[in-house]
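# Reading the structure
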Amino acid sequence: IKLMPANKLLLLPLLVLGVVGIFLYTMFFHTGIQMVPGGRASVIININPVLIAIGAAIFLHDRLTPLKICGVLLAALGAVIVISHGNLASLFTDLLSTGDLWMLLAASCTAVFALLGKVLLQRGLRPVQVITWAVFFGMLCFIPTTLSRADVSQILIYSLKDWLCVIYLGVFSTALAFILFYKILHKLGATGGGVIGSMIPIPAIAFTSLFLKEPLTTSL
């Protein structure tokens, strides 16, 4: 597979994609996930179908069909119920927690990732090209922050379980997941891809409840 785009000017939007969709998203998400339970975080971040739908209608001229609008509103309603813990009136009286705000920033990065990615696919790039360059540029952003903030020598004492977790995150949760996501974007458009992404909380809530013993509240 030829990874270098024929039009070298496309490397600039690919750089933006890597900085926003990989680096900033990961920083915002992993900062927020330390403050917000996993199940709740997975629902909050899925406010992105609303952001994607609005952005696609404005910038990509995607037609918002009644079915798409219903799907987007349903995803938004679910996020609102979780953010408010089922008390919708609290949205007008209580401030969002810091963790909630970090997760909303991560959702915004996901929306940019989907919209800009759709544009690149329309320019003739293949999903594997987009993901490879985005992850490469995102990795370059992580190098200085890692060297300045982390004890790199800890890598030497990682256990086999640690490395298997890292490999799983890289191969399945990143490479395969992003390639499949961009194939969905290519077939269904940005709005359709965003709504399908809103299915993420279903397994996320189940897994965090079963394996991390997080409480399954009524609002969740």
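Scroll up for the structure.
The paragraphs below set out a description of the structure included in this document.

Further remarks concern the overall build of the protein. Scanning the protein for helices and strands turns up 8 helices and 0 strands. Along its sequence from the N terminus, the protein presents helices and strands in the succession α-α-α-α-α-α-α-α. Compactness check: the protein gives a C-alpha radius of gyration of 18 Å against a globular reference of 17 Å for 220 residues, within 12% of the reference. Across its three principal axes, the protein shows a C-alpha extent of roughly 50 × 50 × 30 Å. A buried classification covers 37% of the 220 residues belonging to the protein. For the protein, contacts bridging at least 24 residues in sequence account for 83% of all contacts bridging at least 6.

Right, let's talk about the packing of aromatic side chains for a bit. Applying the stated rule across the entire model yields 12 aromatic pairs. Relative to Phe178, the ring of Phe113 has its centre 5.1 Å away and its plane inclined at 50 degrees; by these criteria the two rings are tilted. Placement of Phe113 in helix 5 (residues 98-122) and of Phe178 in helix 7 (residues 160-197) is noted, with a sequence separation of 65 residues between them. Comparing Phe113 with Phe178, the two get one shared label, buried. Here Phe113 and Tyr182 contribute two aromatic rings whose centre-to-centre distance is 5.3 Å and whose plane-to-plane angle is 90 degrees, an arrangement assigned as edge-to-face. Taken as a pair, Phe113 in helix 5 and Tyr182 in helix 7 lie far apart in primary sequence, 69 residues in all. Accessibility classification places Phe113 together with Tyr182 in one group, the buried group. Among the aromatic side chains, those forming a connected cluster through ring pairs are Phe113, Phe178, Phe181 and Tyr182.

Here we come to helix 8 (residues 201-211). Every buried residue of helix 8 is accounted for by Pro201, Ala204, Ile205 and Thr208. Down the axis of helix 8, the smallest arc covering the buried residues is 95 degrees, so these residues share one side. Away from the buried face of helix 8 by more than 90 degrees, exposed residues Ile202, Leu210 and Phe211 are located. Positive backbone phi, approximately 60 degrees, marks Lys213, located one or two places after helix 8.

Next up on the list: the environment of Ala206. Mapped onto the elements, Ala206 comes out in helix 8. Look at Ala206 and you get partly exposed, because its relative accessible area is 33%. Between the alpha carbons of Ala206 and Val36 there is a distance of 16 Å; along the sequence they are 170 residues apart.

Angle between the axes and distance between the axes: these two values describe a pair of packed helices. For the pair helix 3 (residues 48-60) and helix 5, the least separation of the axes is 9 Å and the interaxial angle reads 35 degrees. The way helix 3 lies across helix 5 gives a crossing that is right-handed. In this structure, helix 3 uses Asn48, Leu51, Ile52, Gly55, Ala56 and Leu60 to contact helix 5, whose residues at the interface are Ala107, Ser108, Thr110, Ala111, Ala114, Leu115, Lys118 and Val119. Of the residues in the contact of helix 3 with helix 5, the class split is 9 nonpolar, 4 polar and 1 charged.

Looking at the element boundaries, Ser219 is found in the segment after helix 8. When neighbours within four sequence positions are excluded, Ser219 is seen to be in contact with Ile81, Val82, His85 and Gly86.

Next up on the list: the nonpolar core. Ranked by internal contacts, the top residues of the largest apolar core, which has 24 residues, are Phe113, Val130 and Tyr182. At the level of secondary structure, the elements contributing two or more residues to this core comprise helix 1 (11-32), helix 3, helix 5, helix 6 (127-149) and helix 7. No other element matches helix 5, which puts 6 residues into this core. If we skip the residues at most four places from it in the chain, Val130 touches Leu14, Leu17, Leu120, Leu121, Leu125 and Tyr182. In this structure, Phe28, Val50, Ala76 and Ala106 belong to the second largest nonpolar core, which totals 17 residues.

Conventions and cut-offs
- Residues numbered from 1 in each chain as written.
- Predicted model: local features only at pLDDT ≥ 70, side-chain atom pairs only at ≥ 80, totals over all residues.
- Heavy atoms only, no water.
- Helix = DSSP H or I, 4+ residues; strand = E, 2+ residues; numbered from the N terminus.
- Rg over C-alpha atoms; globule rule 2.2 N^0.38 Å.
- Buried < 20%, exposed > 50% of the residue type's maximum accessible area, 1.4 Å probe, protein only.
- Contact = heavy atoms within 4.5 Å.
- Phe/Tyr/Trp six-rings, centres within 6.5 Å; stacked < 30°, edge-to-face > 60°.
- Arc of directions from axis to C-beta.
- Axes fitted to C-alpha atoms, helices over the stretch in contact; angles between N-to-C directions.
- Left-handed = near helix turned anticlockwise from the far one by under 90°.
- Nonpolar A, V, L, I, M, F, W, Y, C, P; charged D, E, K, R; others polar.
- Core = buried A, V, L, I, M, F, W, Y, C linked by side-chain atoms within 4.5 Å.

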